[in-house]
Amino acid sequence: MTCREGCRKFYVFSRNWRKVKPMKERTLSIIKPDGVAKGLIGEVLNRFEHAGFQVVAMKMVHMSKKQAEGFYAVHRERPFFESVTDFMSSGPSVVMVLEAENVISRNRELMGATNYKEAAEGTIRREFAMDIEKNVVHGSDSPETAAFEIGYFFNALELVRL
Ligand code: GDP
């Protein structure tokens, strides 16, 4: 086989492979300090695993105020910025990267609306949050946000390839 034929075969193979293998997506999830304090790590992870999300990185962090401000920099101008960054730096959180098809929107469905009072029945926030701010979980809201947020906590070596 010439090099040209080999390259062509590889090209056809990789195009077909992409058709049969659905593209997986990644998102950053955080079990916030209130969730950790209430002993909800297992409960939240259980829901993720039941949904078929794979954990490709995970660690516990206690963010400093500065680190929380960096994480929520997009909300710098919002009236709750001071308060939410105080909260996010008030105790340990579990940060993790989840992988699955459409995991960004599916994770947000599992989480429920920001305000637990508006969250659908059965969602994490509806069941466990008691406050619009202390709402147990965070999940990236777009692929661009996910890329920033994953890079904020993890380097490439810490992300397992499945
Ligand atoms: P999320 O993507 O559903 O987490 O919501 P946002 O990105 O809009 O807000 C980020 C976080 O800021 C929320 O999860 C809450 O912890 C907090 N937050 C949002 N809105 C409010 C608010 O009106 N008051 C307070 N105190 N905190 C808020």
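Anything mentioned here points back to the structure above.
The structure contained in this document is the topic of the report that follows. Since we're looking at a predicted model, the values are computed, not measured.

### Points about the overall build of the protein
Next, step 1: Within the protein, the regular secondary structure consists of eight helices and four strands.
Next, step 2: Taken across its 162 residues, the protein has 40% of its residues classed as buried.
Next, step 3: Counting only carbon and sulfur atoms, one obtains 56% of the accessible surface of the protein, whose full area is about 9800 Å².

### Topic: the pairing of strand β1 (residues 25–31)
Next, step 1: The element β1 is extensively covered by neighbouring structure, given that five of its seven residues are classed as buried.
Next, step 2: One ladder, built from seven bridges, connects β1 with strand β3 (residues 93–100); its direction is antiparallel. Residue R26 lies in a different strand from β3, and its bridge partner there is E99.
Next, step 3: Where β1 and strand β4 (residues 137–139) come together, three bridges link them in antiparallel fashion. Across the sheet, S29 pairs through a bridge with G139, a residue of β4.

### Focus on the packing of aromatic side chains
Next, step 1: Tallied over the entire structure, the rule returns six aromatic pairs.
Next, step 2: With a centroid separation of 5.7 Å and 45° between ring planes, the pair formed by F148 and Y152 is classed as tilted. With F148 and Y152 both in helix α8 (residues 143–153) and four residues apart, this pair spans about one turn of that helix.
Next, step 3: Taking relative accessible area as the criterion, Y152 reaches 30% and is therefore assigned partly exposed.

### Here we look at the layout of surface pockets
Next, step 1: Size it by volume and the largest pocket reaches roughly 500 Å³.
Next, step 2: K32, Y72, H75, F80 and T114 are, among the 20 residues lining the largest pocket, the residues nearest its centre.
Next, step 3: Going through the elements one at a time, α6 (103–111), β4 and α8 are the ones with two or more residues in the lining of the largest pocket.

### What about the sheet that holds β4?
Next, step 1: Here four strands make up an open sheet; going across it, the order is β2-β3-β1-β4 and the pairing antiparallel. Edge positions in the sheet fall to β2 (54–61) and β4, since each of these pairs with one other strand and no more. Averaged over neighbouring strand pairs, the angle between their axes works out to 20° when direction is ignored.
Next, step 2: Pairing of β2 with β3 involves seven bridges; the strand directions are antiparallel.

### Remarks on the environment of Y72
Next, step 1: Its location among the elements puts Y72 in the loop between α4 (65–71) and α5 (81–88).
Next, step 2: Sequence-wise, Y72 and E149 are 77 residues apart; in three dimensions their C-alpha atoms are separated by 9.5 Å.
Next, step 3: Excluding its chain neighbours within four sequence positions, the residues that come into contact with Y72 are K32, F81, V84, T85, M88 and H138.
Next, step 4: At 3.4 Å, the side chain of Y72 and the side chain of K32 are in polar contact.

Analysis parameters
- Residues numbered from 1 in each chain as written.
- Predicted model: local features only at pLDDT ≥ 70, side-chain atom pairs only at ≥ 80, totals over all residues.
- Heavy atoms only, no water.
- Helix = DSSP H or I, 4+ residues; strand = E, 2+ residues; numbered from the N terminus.
- Buried < 20%, exposed > 50% of the residue type's maximum accessible area, 1.4 Å probe, protein only.
- Areas by Shrake-Rupley, 256 points an atom, 1.4 Å probe, with all protein chains shown as cover.
- Pairing = 2+ DSSP bridges.
- Phe/Tyr/Trp six-rings, centres within 6.5 Å; stacked < 30°, edge-to-face > 60°.
- 1 Å grid on protein atoms, 1.4 Å probe; cavity = no way out; pocket = protein on both sides within 12 Å on 5 of 7 lines; lining within 4 Å.
- Points joined across faces, edges and corners; volume = space filled by probe spheres on them.
- Axes fitted to C-alpha atoms, helices over the stretch in contact; angles between N-to-C directions.
- Contact = heavy atoms within 4.5 Å.
- Polar contact = N/O pair within 3.5 Å; in protein donor to acceptor, adjacent residues only side chain to side chain.

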